[in-house]
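Residue strings, one per chain:
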Amino acid sequence: MAERLPQASRQRRGKAMTAAAGSAGRAAVPLLLCALLVPGGAYVLDDSDGLGREFDGIGAVSGGGATSRLLVNYPEPYRSQILDYLFKPNFGASLHILKVEIGGDGQTTDGTEPSHMHYALDENYFRGYEWWLMKEAKKRNPNIILMGLPWSFPGWLGKGFNWPYVNLQLTAYYVMTWIVGAKHYHDLDIDYIGIWNERSFDINYIKVLRRMLNYQGLHRVKIIASDNLWEPISASMLLDTELLNVIDVIGAHYPGTRTVRDAKLTKKKLWSSEDFSTLNNDVGAGCLGRILNQNYINGYMTATIAWNLVASYYEQLPYGRCGLMTAQEPWSGHYAVEPPIWVTAHTTQFTQPGWYYLKTVGHLEKGGSYVALTDGLGNLTIIVETMSHKHSRCIRPFLPYFNVSHQFATFLLKGSFSEIPELQVWYTRLGKPSKRFLFKQLDSLWLLDSGGAFTLELQEDELFTLTTLTTGGKGSCPPPPESQPFPQVYDDDFDVDYPFFSEAPNFADQTGVFEYFTNIEDPGEHRFTLRQVLNQRPITWAADAYNTISVIGDYKWSNLTVRCDVYIETPEKGGVFIAGRVNKGGILIRSARGVFFWIFANGTYKVTGDLAGWIIYALGHVDVTAKRWYTLTLIIKGRFSSGTLNGKSVWKNIPVSFPKNGWAAIGTHSFEFAQFDNFHVEATS
């Protein structure tokens, strides 16, 4: 490998130079500095005829849902290292935009996120972890752009209907309080607010929201709509001048790098406000590399926001490891800086919101693409990608076939860029580990005697950034601890007087919201508990279960003992459960199978093979009532299970053939208040 050139290498002006970025046996990727006649096929980069659209940034989504759930429980220094890789300028992904879910108590892909208003007269701006995450992002990059978007809404807003637009003023007030609370309690300025993720928009609601924001003095908060498809929002805006005026950005999801005529006719900023959503291996990195360039080239999109920020949720939940990096083991401290981090850095470290794309951007003759951006002050950044079809397929939408092959691409700098003397070079090659490079700085390119021309030799699945900026950096931390499975013995007594986060570590709520709770009337053993706090079904985004449930542990667990103290708060109709081998979560939670041990306030018990309660293994009577503590124990070993209540056997050796493994869980029969304490799980396999 060629060593990086020292800064004082000006003797090399005008010479053809090779930046060795390939395998040791060959000088792969020669960068040929051409002072010769430029061939007719050169790609001209020129600002003489003005500039293209303003660049708005690259970002990622936390939420939609509960995708950062496990991150908050990481011990230091690993948690701060992860945050540095995401947000610290010139270190890792160096994100320009952070978009978060406005928690609405409903299941929104990989779990529920708590609302700041569970009930009509309830306000609490310290629930969940998005506030904390936004502050950590701002700490590292004070200029980061913050966005909020609801997926689900608390049930009281619907007044009996599963619909957020029953009372437009009330819903607008609810969203406005989140923005005001962010500022008042956390000194966070929200820059953009959305409508309802991937669901119907209401034209009158958008207008009411704008008026509500203005009335509160929040004129600076911009509205993005509709976080779904380009239509019908674009056509609606063209037909309604007031709507056109109140929407600042049209945001589309998974646009496949394309836009539509109506969206362009609005003359509004166009964003891919959710994209990527792909496993964070080399193919996922290729997907991201391709769309970061081509969303602008093909679709005029000036911002791309990846779902999701960091894969900090149990991997067997839907879309496991679809984050820019992976941090799903707080118990071990292990995390992985995945290739999408470095692909993102190729753009984010060498541009800023407020830069402009050049008009001269486009596709390469033999596949791939190039964009160029400038700050208008003499700086230039060029990003070239040659991602192949096979190694850049995103999870959606369908990608029509295209071909990429070996090529030489000559670029000619003209206009105000013609006198640029030197370009820094950063390089990524995806694919086989032996030939793989992630965000490697190569020798810089000297252009002084070349007439502003240079030629790149390009192979498949490569990414180049050529830039006048010298501030780029590939950050690194000491290796994190080795990966470890979830502890086989785990206890939590929830005895936390002033919890920093509202949720207990490692519990992943899949329907309902489970929060630390203080029993003021109980000075004894159960003063501090975990409480399910929803008493009403939320306005759902996905197919939430009809029971509440929070899962925990290792999905591979098969033989295990789960024990927990439980407290039913609702007389007659109330009920709670503990469970093992729970095999589904996220948007699939309704169909979860497992072994569920229920007790009810009416003095009955039930053992079921599913959360919904259709598969009944056993039922009967027990001495149980509301407002008393009981200890439930569930033992699953091989093909048999048993259960005890306060240490006394209730049922024994019931055959359970499916599923073979899954998480432990706690939950309630319906959306009802109930408490849990002294949780214990012990797995033997």
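In what follows, the structure referred to is the one given above.
Thresholds, definitions, all that
Residues numbered from 1 in each chain as written. Predicted model: local features only at pLDDT ≥ 70, side-chain atom pairs only at ≥ 80, totals over all residues. Heavy atoms only, no water. Helix = DSSP H or I, 4+ residues; strand = E, 2+ residues; numbered from the N terminus. Rg over C-alpha atoms; globule rule 2.2 N^0.38 Å. Buried < 20%, exposed > 50% of the residue type's maximum accessible area, 1.4 Å probe, protein only. Contact = heavy atoms within 4.5 Å. Areas by Shrake-Rupley, 256 points an atom, 1.4 Å probe, with all protein chains shown as cover. Lys, Arg positive; Asp, Glu negative; His and termini not counted. Charge placed at Lys NZ, Arg CZ, Asp CG, Glu CD. Pairing = 2+ DSSP bridges. Axes fitted to C-alpha atoms, helices over the stretch in contact; angles between N-to-C directions. Salt bridge = Lys/Arg side-chain N within 4 Å of Asp/Glu carboxyl O. Parallel < 35°, antiparallel > 145°, perpendicular 65-115°, else oblique. Left-handed = near helix turned anticlockwise from the far one by under 90°. Disulfide = S-S within 2.5 Å. Patch = residues over 30% accessible without salt bridge, like charges linked within 9 Å, V, L, I, M, F, W, Y side chains within 5 Å. Phe/Tyr/Trp six-rings, centres within 6.5 Å; stacked < 30°, edge-to-face > 60°. Lys NZ or Arg CZ within 6 Å of the ring centre and 35° of its normal.

Peer 1: Is there a simple way to explain the overall build of the protein in this structure?
Peer 2: Within the protein, the regular secondary structure consists of nine helices and 38 strands. The globule rule puts the C-alpha radius of gyration for 685 residues at 26 Å, and the 28 Å found for the protein is close to it. Counting only C-alpha atoms and orienting by the principal axes, one finds that the protein spans roughly 95 × 60 × 45 Å. Going through the 685 residues of the protein one by one, you find that 63% of them count as buried. Sequence separation of at least 24 residues holds for 72% of the intrachain contacts in the protein that already meet a minimum separation of 6. Just so you have it, the protein exposes about 25400 Å², and 52% of that area is on carbon and sulfur atoms. Counting 62 positive and 66 negative side-chain charges, the protein places the averaged centre of each group 5 Å from the other.

Peer 1: How do you make sense of the environment of Gln484 when you look at a structure like this?
Peer 2: Within the fold, Gln484 resides in the loop between strand E23 (462-467) and strand E24 (489-492). Classification of Gln484 by relative accessible area gives partly exposed; the value is 44%. C-alpha separation for the pair Gln484 and Pro330, spaced 154 residues apart in sequence, amounts to 9.8 Å. When neighbours within four sequence positions are excluded, Gln484 is seen to be in contact with Glu329, Trp331 and Ser332.

Peer 1: Is there a simple way to explain the sheet that holds strand E37 (residues 663-668) in this structure?
Peer 2: Within the open sheet, the seven strands sit side by side as E25-E28-E37-E30-E31-E32-E33. Their pairing is antiparallel. For this open sheet the edge positions go to strand E25 (508-511) and strand E33 (616-621), each flanked by a neighbour on one side alone. Pairwise comparison of adjacent strand axes, ignoring direction, gives a mean angle of 20° for this sheet. The pairing of strand E30 (residues 575-582) with strand E31 (residues 593-600) spans six bridges and is classified as antiparallel. Along E31, the bridge assignment pairs Phe577 with Trp598.

Peer 1: Would you mind showing me how to read the pattern of salt bridges here?
Peer 2: Between side chains of opposite charge, pairing is possible as soon as their charged atoms come close. Scanning the model with the defined rule gives 19 salt bridges in all. For Arg127, the salt bridge goes to Asp122, with nearest N and O atoms at 2.9 Å. For Arg127, a relative accessible area of 8% gives the class buried. Since its relative accessible area comes to 14%, Asp122 is described here as buried. The partner of Arg436 in a salt bridge is Asp282, and the shortest N-O contact between them spans 2.7 Å. Within this pair, whereas Arg436 is found in the loop between strand E20 (422-429) and strand E21 (437-446), its partner Asp282 is found in helix H8 (residues 282-299), the two being separated by 154 residues in sequence. Using a relative accessible area of 31% as the deciding quantity, one classes Arg436 as partly exposed. Here the residues in one salt-bridge network are Asp84, Glu136, Lys139 and Arg140, joined through shared partners.

Peer 1: Teacher, can you tell me more about the packing of H8 against helix H9 (residues 339-348) here?
Peer 2: Two quantities define a packed helix pair, namely the angle between the axes and the distance from one axis to the other. Close contact between H8 and H9 brings their axes to 8 Å; oriented N to C, the two are set at 20°. Taken together, the axes of H8 and H9 are roughly parallel relative to one another. Between H8 and H9 lies a crossing of right-handed hand. Counted together, Asp282, Ala285, Leu288, Gly289 and Leu292 of H8 and Pro339, Pro340, Val343, Thr344 and Thr347 of H9 form the full contact between these two elements.

Peer 1: Help me understand the state of the cysteines, please; the structure alone is not making it clear to me.
Peer 2: In the structure shown here, the tally under the stated rule is one disulfide. Paired by a disulfide, Cys287 and Cys394 hold their sulfur atoms 2.1 Å apart. Its S-S torsion of approximately 100° makes the covalent link between Cys287 and Cys394 right-handed. Residue Cys287 is located in helix H8, and its partner Cys394 is located in the loop between strand E18 (380-385) and strand E19 (407-413); the two are separated by 107 residues in the primary sequence. Both residues of the pair, Cys287 and Cys394, count as buried.

Peer 1: Please explain helix H2 (residues 130-140) as it appears in this structure.
Peer 2: Residues separated by three or four positions in an α-helix point in the same direction, a consequence of the helix having 3.6 residues per turn. The buried fraction of H2 is high, at eight of 11 residues. For H2, every residue scored as buried is listed here: Glu130, Trp131, Trp132, Leu133, Met134, Glu136, Ala137 and Arg140. On its buried side, H2 packs onto strand E4 (57-62), helix H1 (78-87), strand E5 (97-102), strand E6 (145-150) and helix H3 (168-186).

Peer 1: It is not clear to me how the side chain of Thr381 should be interpreted in this structure. Could you clarify?
Peer 2: Assignment of secondary structure puts Thr381 in strand E18. Discounting residues that sit within four places of it in the chain, Thr381 has contacts with Phe350, Thr351, Trp355, Val371, Ala372, Leu373, Thr465, Leu466 and Thr467.

Peer 1: Even after reading the chapter, I still don't get a negative patch on the surface, so can you show me in this structure?
Peer 2: On the surface, Asp491, Asp493, Asp495, Glu525 and Glu682 cluster together into a negatively charged patch. In this fold, Asp491 is placed in strand E24.

Peer 1: What should I look at first to understand the pairing of E30 in this one?
Peer 2: In terms of residue burial, E30 counts as a mostly covered element, since eight of its eight residues are buried. Bridge count for E30 against E37 is five bridges, and the pairing is antiparallel. In the sheet register, Val582 faces E37, and the bridge partner there is Trp663.

Peer 1: Can you walk me through the sheet that holds strand E7 (residues 192-193) in this structure?
Peer 2: Two orientations exist for strands paired in a sheet by backbone hydrogen bonds: parallel and antiparallel. Around the barrel, eight strands lie side by side as E4-E5-E6-E7-E8-E9-E10-E11; this closed barrel has parallel pairing. Summarising the sheet, E4 and strand E11 (residues 303-307) pair through five bridges and their orientation is parallel. Looking at E11, one finds that Val61 is bridged to Trp307. Along the sheet, H3 contacts E5, E6 and E7; its crossing angle with E5, the most-contacted strand, is approximately 130°.

Peer 1: I would appreciate a short explanation of the packing of aromatic side chains in the present structure.
Peer 2: Each aromatic ring pair is described using two quantities: the centre-to-centre distance and the angle formed by the ring planes. Under the counting rule described, the total for this entry stands at 46 aromatic pairs. When the centroid spacing of 4.5 Å and the interplanar angle of 20° are considered together, the rings of Trp426 and Phe439 count as stacked. Highlighted residues: Trp426 in strand E20 and Phe439 in strand E21, separated in sequence by 13 residues. Here Trp426 matches Phe439 in class, with each residue buried. What links up through ring pairs into an aromatic cluster is the set Tyr85, Phe91, Tyr335, Trp342, Phe350, Trp426 and Phe439. Its guanidinium or amino end placed over the ring of Phe517, Arg531 lies 4.5 Å from that ring's centre, counting from NZ or CZ.

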